[in-house]
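Residues per chain are reported as follows:
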Amino acid sequence: MENNSRELQARKYLEKHRIMELLNYLTSSLLFFQPSKPREYLISLLERLRIAKETGVPFPVFMDHSNIVAMFEMMDSAHRGTISFVQYKGALENLGLSTEDEDLKDDGHGITLEKFKNEVDKRTQKICGRTKGKDSESYQTATELLLLH
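Everything quoted here is computed from the prediction, not taken from an experiment.

**Some thoughts on the overall build of the protein**
- Of the regular secondary structure elements, the protein holds seven helices and two strands.
- Taken from N to C terminus, the helices and strands of the protein fall in the order α-α-α-α-β-α-β-α-α.
- Burial status across the protein gives 32% buried among its 149 residues.
- Sequence-distant contacts, at least 24 apart, represent 57% of the contacts inside the protein between residues at least 6 apart.
- Within the structure as shown, the protein displays about 10,000 Å² of accessible surface, and the carbon and sulfur contribution to it stands at 54%.

Printed below as a string of structure tokens:
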């Protein structure tokens, strides 16, 4: 009983402080840029997040449409024009646009680039809609909402 309580407390803490989203973002950024000094890069990224949160200065985001296409192409290494549902779900989680426990439905068809881009856009817009008056077209704003909580 005590273990379940501790596990529940830990899960609530991680959710409250959006730690999993932060770790997904840091990991995605690290894999996207592949810096020669990964520890220093992560420290720098966390420092920029802290400064952005404290000053209200926009945080520079690394994802735009060309990056989303590049991400899709990396997953579609056989150049079939589709990725698997597992890759799709993992990509959404890495972008902070889905949670591990979200129940996404696999329709049995591969995920095309167009579907992937549309879903990323839709989910980003949904997150941006929660910013109450900030630039609703901005992935920047969505990232700030996810990471600077």
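**Some details on a nonpolar patch on the surface**
- Where nonpolar side chains cluster on the molecular surface, the patch consists of Tyr-13, Leu-14, Met-20 and Leu-23 and spans about 370 Å² of accessible area.
- Of all the secondary-structure elements, those providing two or more residues to the nonpolar patch are α1 (2-16) and α2 (19-33).

**Focus: unusual backbone geometry**
- Its identity is not glycine, yet Arg-18 carries a phi of approximately 55°, on the positive side.
- Although it is not a glycine, His-79 sits at a positive phi angle of roughly 55°.
- Relative to the helices and strands, His-79 resides in the loop between α4 (65-75) and β1 (82-83).
- For His-79, a relative accessible area of 67% corresponds to the exposed category.

Reading the values: the criteria
- Residues numbered from 1 in each chain as written.
- Predicted model: local features only at pLDDT ≥ 70, side-chain atom pairs only at ≥ 80, totals over all residues.
- Heavy atoms only, no water.
- Helix = DSSP H or I, 4+ residues; strand = E, 2+ residues; numbered from the N terminus.
- Buried < 20%, exposed > 50% of the residue type's maximum accessible area, 1.4 Å probe, protein only.
- Contact = heavy atoms within 4.5 Å.
- Areas by Shrake-Rupley, 256 points an atom, 1.4 Å probe, with all protein chains shown as cover.
- Patch = residues over 30% accessible without salt bridge, like charges linked within 9 Å, V, L, I, M, F, W, Y side chains within 5 Å.
- Salt bridge = Lys/Arg side-chain N within 4 Å of Asp/Glu carboxyl O.

On their own, these measurements won't tell you what the molecule is for.
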